[in-house]
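Letter by letter, the chains look like this.
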Amino acid sequence: APNHPVEHIASARVAFPIAFCLRARAITMAFSAIEDLEEYMASERTVELFVPGRICLMGEHSDWAGSYRRFNSSLLPGMCLVSGTNQGLYARACRHPSKLIVTSIDQGGNVCGPTEFSMDPQALLAAAATGDHFSYVAGVAYQILVRCHVSGLVLHNYKTDLPARKGLSSSAAACVLAARAFNRVYDLKLTVRGEMDLGYHGEITTPSQCGRMDQCCAFGPRPVLMTFDGDRLDCEELSLKSTLHLVIVELDGTKDTTVILQRLTKCYPVPDDDAQRGVHELLGAINQRIVRAAMAALDGGDMAALGALMDEAQEHFDRLATPLCPSQLTAPNLHRVLRHEPLRKHIFGAKGVGSQGDGCAQLLCRSATDAEAAMRIVETELGMRTMPLQIGASRPVGQAVVPAASFSAASFPASRTTPPALFPLLDADGILKPAILLLVEQAVDAGLAKVVIVVSPEHKGHFEALFRRPPSPREMARLPPRLQRYAEKIREVGAKVELVEQREQLGLGHAVLCARAALEEEAPTLLLLGDHLYTTAHPEGTSCVRQLLAAYTGTSVMALQRTAEAHVHRYGCATGKWDISGKASWPTRFGDGGDAEPRRVHLTMLVEKPTAEFAATNLAVPGLPEGTYLSAFGLYIITETGALLQWLADAADARGASPTAPPLQLTEALDVLRAESGLQGYLVDGTRFDIGGEPQAFLETVNALAPSLEPVLPSEVRGLSRGRSSGGA
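What comes next concerns the included structure. All values reported here derive from a predicted model rather than from experimental measurement.

Focus on the overall build of the protein chain
Summing up its helical and strand segments, the protein chain has 25 helices and 24 strands in all. Counting all 729 residues of the protein chain, 57% fall into the buried class. Counting contacts in the protein chain only where the partners sit at least 6 residues apart, residues at least 24 apart contribute 78% of the total. Just so you have it, the protein chain exposes about 29800 Å², and 52% of that area is on carbon and sulfur atoms.

Set out below in structure tokens:
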């Protein structure tokens, strides 16, 4: 977690006195200036931002070591296992016509700024070169300005919940924060990797000695494998099965990172003796083996194995690196902590942080309770300061909303008495079910604890009959045992269902807004469409909902499908840049399947039901066949639930009560979310069926859901429905 926001961007490497932040003005004047700044921002469109710090779990020093492959191809690529933290920098940003204005407040409430810079390349370059407090932001602004058409920016880092100088790359977080602010305020359509690269180039514009791994905080609070091969950097996001409970120990010793780097880099690109060859082995073969084993431990949730690897990595470092720089790496305080026996029963393993030496140590604890115990031991018995850190503690998706109040004109008059969400469908298990039950089952089976269904007042009673009122004893007696058991399952599922009313059908966005009172706005939300059904084509039978939940990494994500040009006018469509992190090469053509095929897209545009001409000009995605585009599959996970609902509420107020006003659509809200907070797309293995559309589409759905049963429609009708395109992938 980055430590200071932009405010104490001083960085873990550059200590910057608080006095500088307050020089020439009293604290009350600084707060007054911030209030003026907030007043200005209130009149502008602002974006909310968060960037965490980062901690290197394994592989320190291999980032710069791997870069020497440019000069010595016999070297192995560097590999680092890095993760963002759940603490960091919180900020708001908006446009300014001509200036860069920055202010920040550190963890202790100390104020720095507002500080103004002219948006002139030479002025920004000069500010970056000073190495002063806001030099990192100035460096990034310079890199942005020489690449993009932007004017100015106001960046208010209003909260920081991580202290500085803990080896957690606060300076890198500040640089990524600045890059992200420009990206989202000006909708530059940068990917996370693009923000990361600009953050890196911005920081090296300053006197900082940052490495390539530091800006990994751009990926958020999740582990990332970074591979360094000469000038090439690859990043692969990893899944985390268990929360990491870490304790950072401030060792209160002396450490000179510059000296450490000078001594170790002398071993490259070609070693002169056995000691230098040992460093090559340490940062090459040994490091790769340990990092790969650590990845397997993370994937399996084996924290004991991960802790043992930390101990092993430290032992190898002490044996092979310390002799090259004993003045800095002997680190008596570090080894006093690592060898303190009372700690061992509370930790799985421990190692130094960053460049090593007597800066900081990280302890991988067995639980949150053990982390508290370890902190007490270190503070009382060793007299050192500590800080808890959790990785993987972001909230899981636990709630869903299903808009199911829509009126289907294409299904009239059937939809007059029964909404599409209640149309009966024969499931593969041979049970005739209302469509909504299939959706709710998929959500509950995926682990969600609450499903909010938005219904019309006219049909609310039908939903209550399904989920709230079990069959009477007389009805139960008439059911065969199998359906009696299923009736009990419906009761269990129904306990997780909450019904809310949409009194007027004013658009999908309005339907989602109607669920506001029933949703926890600080928690992520799964959105399913009530007139859609989703069948999986995953080789392991994983449902479409589970696929999207597995793809969720903390950034809002929508499921996508491939759609032919002739059908794009029916759907919300998207375009963006494929995330090929960790792939060996860029496929020239997607759609042939296989593990190497990219699925995640960093979205740069969303459009509701575009024309074929607009799609051809604006929505083409590299690698897709000509005339094929990406459209919404009808499943979404929204991280910023509260922000989305507030935007919909504001849009509804602006729309007014006029009956001629256009519907409040969801696509525009999602595009704002994409620009302000980030939105990814994910290509799921499955088929989407729109049962609220043309009757033929409903017939196709009936047949598709029960392929192994006796045909449920006359053969001539089946032939008719199979001869029509669903408009999907």
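A few points about a negative patch on the surface
Taken together, the side chains of Glu35, Asp36, Glu38 and Glu39 define an acidic patch exposed on the protein surface. Turning to its location among the elements, Glu38 is positioned in helix α2 (residues 27–42). On the basis of relative accessible area, Glu38 is assigned to the partly exposed category, the value being 36%.

Thoughts on the pattern of salt bridges
Here the structure, examined in full by the defined rule, presents 25 salt bridges. In this structure, the salt-bridge partner of Arg54 is Asp214, at a minimum N-O distance of 2.6 Å. Remark: Asp214 occurs in the loop between α7 (192–204) and β6 (223–229) and Arg54 occurs in strand β1 (residues 47–58); sequence separation between them is 160 residues. There is no split in this pair, since Arg54 and Asp214 are both buried. With a shortest N-O distance of 2.7 Å, Glu195 and Arg180 are connected by a salt bridge. Of this pair, Glu195 sits in helix α7 while Arg180 sits in helix α6 (residues 170–185); the two residues are 15 residues apart in sequence, bridging distant segments of the chain. Per residue, the accessibility class of Glu195 equals that of Arg180, and both read buried.

Describing the packing of aromatic side chains
Two descriptors summarise a pair of aromatic rings, namely the distance from one centre to the other and the angle between the planes of the rings. Applying the stated criterion across every chain, the model contains seven aromatic pairs. Both rings, one in Trp64 and one in Tyr68, keep their centres 6.3 Å apart while their planes meet at 85°; by these two values the pair is edge-to-face. The class for Trp64 is buried, based on a relative accessible area of 15%. An aromatic cluster is built from Trp64, Tyr68, Phe71 and Tyr268, whose rings are joined through pairwise contacts. Across the ring face of Tyr158, the terminal group of Arg92 is positioned such that the distance to the ring centre comes to 4.0 Å.

Some points on the nonpolar core
Within the largest apolar cluster, 54 residues are counted, with the highest numbers of intra-cluster contacts made by Leu100, Leu124, Val150, Leu155, Phe182 and Met226. Ala421, Ala446, Phe467 and Leu635 belong to the second largest nonpolar core, which has 49 residues in total.

Concerning the packing of helix α15 (residues 435–445) against helix α16 (residues 460–467)
One can describe the packing of α15 onto α16 by two numbers: an axis separation of 11 Å at closest approach and a directional angle of 55°. Comparing their axes, α16 and α15 come out oblique. Here α15 runs over α16; the crossing is right-handed. Of the residues in α16, those in contact with Ile436, Leu437 and Val440 of α15 are Phe463, Leu466 and Phe467.

Looking at helix α10 (residues 303–320)
Helix length check: α10, at 18 residues, gives a terminal C-alpha distance of 26 Å against a target of 26 Å (1.5 Å per residue), a fit within 8%. Those residues of α10 not exposed but buried are Met303, Leu306, Gly307, Leu309, Met310, Ala313, Gln314, His316, Phe317 and Leu320. Where α10 begins, one side-chain oxygen reaches toward the backbone nitrogen of Ala304, 3.4 Å away; that side chain belongs to Asp302.

What about the side chain of Asn72?
If you trace the backbone, Asn72 turns up in the loop between α3 (62–67) and β2 (78–96). Among all residues touching Asn72, those that are not within four sequence positions of it are Pro269 and Val270.

Details of unusual backbone geometry
The omega angle of the peptide bond from Gly113 to Pro114 is 5°, so this bond is cis rather than trans. Position of Pro114 relative to the elements: it lies in strand β4 (residues 111–118). For Lys189, which is not glycine, the phi dihedral falls at a positive 65°. By secondary structure assignment, the location of Lys189 is in the loop between α6 and α7. Exposure remark for Lys189: the relative accessible area of 28% places this residue in the partly exposed category. At Asp252, a position not held by glycine, the phi torsion is positive, near 55°. Tracing the chain through its elements places Asp252 in the loop between β8 (244–250) and α8 (257–265). The class for Asp252 is partly exposed, based on a relative accessible area of 42%.

Concerning the environment of Ala400
Tracing the backbone shows Ala400 in strand β12 (residues 399–403). In the structure, Ala400 is positioned 236 residues away from Tyr636 in sequence and 9.6 Å away in space, judged by C-alpha atoms. With residues up to four places along the chain from it excluded, the contact list for Ala400 reads Leu448, Lys450, Val451, Val452, Leu519, Thr525, Leu526 and Leu528.

A word on the sheet that holds β8
Pairing is antiparallel across the open sheet formed by four strands, whose spatial order is β9-β10-β8-β11. Lying at the two open borders of the sheet, with one neighbouring strand each, are β9 (347–352) and β11 (385–391). On average, each strand axis in the sheet is tilted by 25° relative to the strand beside it, whichever way the strands run. Pairing of β9 with strand β10 (residues 360–365), which is carried by five bridges, proceeds in the antiparallel orientation. Looking at the pairing, Ile347 lines up with Cys365 of β10. Taken strand by strand, helix α13 (residues 368–382) contacts β8, β10 and β11, and its axis lies near 165° from that of β11.

Some words on the packing of helix α9 (residues 274–300) against α10
Contact geometry for α9 and α10: axes closest at 10 Å, N-to-C directions at 175°. Between α9 and α10, the crossing angle belongs to the class labelled roughly antiparallel. Residues Ala275, Gly278, Val279, Glu281, Leu282, Ile286, Arg289, Ile290, Ala293, Ala294, Ala297 and Leu298 of α9 lie in contact with α10, whose contacting residues are Met303, Ala305, Leu306, Leu309, Glu312, Ala313, His316, Phe317, Arg319 and Leu320. Among the residues making up the contact of α9 with α10, the classes are represented as 16 nonpolar, two polar and four charged.

Examining the pairing of strand β22 (residues 628–638)
The element β22 is largely enclosed, with a buried count of 11 among its 11 residues. Here strand β17 (residues 525–528) runs beside β22; their pairing, made up of four bridges, is antiparallel. Bridge pairing in β22 links Leu527 to Tyr636. Bridging between strand β19 (residues 557–564) and β22 involves seven bridges; their strand directions are antiparallel. Looking at β22, one finds that Thr563 is bridged to Tyr629. Here strand β20 (residues 572–578) runs beside β22; their pairing, made up of two bridges, is antiparallel. Bridge pairing links Ala574 to Leu630 in β22.

Concerning the side chain of Gln502
One can find Gln502 in the loop between β16 (497–501) and α19 (508–514). According to the relative accessible area criterion, Gln502 is buried, its value standing at 2%. Within polar-contact distance, the side chain of Gln502 engages the backbone oxygen of Glu504 at 3.2 Å.

Some details on helix α5 (residues 135–145)
Counting buried positions along α5 yields 11 of 11 residues, so the element is predominantly enclosed. The set of residues buried in α5 consists of Ser135, Tyr136, Val137, Ala138, Gly139, Val140, Ala141, Tyr142, Gln143, Ile144 and Leu145.

What counts, and where the lines are drawn
- Residues numbered from 1 in each chain as written.
- Predicted model: local features only at pLDDT ≥ 70, side-chain atom pairs only at ≥ 80, totals over all residues.
- Heavy atoms only, no water.
- Helix = DSSP H or I, 4+ residues; strand = E, 2+ residues; numbered from the N terminus.
- Buried < 20%, exposed > 50% of the residue type's maximum accessible area, 1.4 Å probe, protein only.
- Contact = heavy atoms within 4.5 Å.
- Areas by Shrake-Rupley, 256 points an atom, 1.4 Å probe, with all protein chains shown as cover.
- Patch = residues over 30% accessible without salt bridge, like charges linked within 9 Å, V, L, I, M, F, W, Y side chains within 5 Å.
- Salt bridge = Lys/Arg side-chain N within 4 Å of Asp/Glu carboxyl O.
- Lys, Arg positive; Asp, Glu negative; His and termini not counted.
- Charge placed at Lys NZ, Arg CZ, Asp CG, Glu CD.
- Phe/Tyr/Trp six-rings, centres within 6.5 Å; stacked < 30°, edge-to-face > 60°.
- Lys NZ or Arg CZ within 6 Å of the ring centre and 35° of its normal.
- Core = buried A, V, L, I, M, F, W, Y, C linked by side-chain atoms within 4.5 Å.
- Axes fitted to C-alpha atoms, helices over the stretch in contact; angles between N-to-C directions.
- Parallel < 35°, antiparallel > 145°, perpendicular 65-115°, else oblique.
- Left-handed = near helix turned anticlockwise from the far one by under 90°.
- Expected span 1.5 Å × (residues − 1).
- Polar contact = N/O pair within 3.5 Å; in protein donor to acceptor, adjacent residues only side chain to side chain.
- Pairing = 2+ DSSP bridges.
- Nonpolar A, V, L, I, M, F, W, Y, C, P; charged D, E, K, R; others polar.

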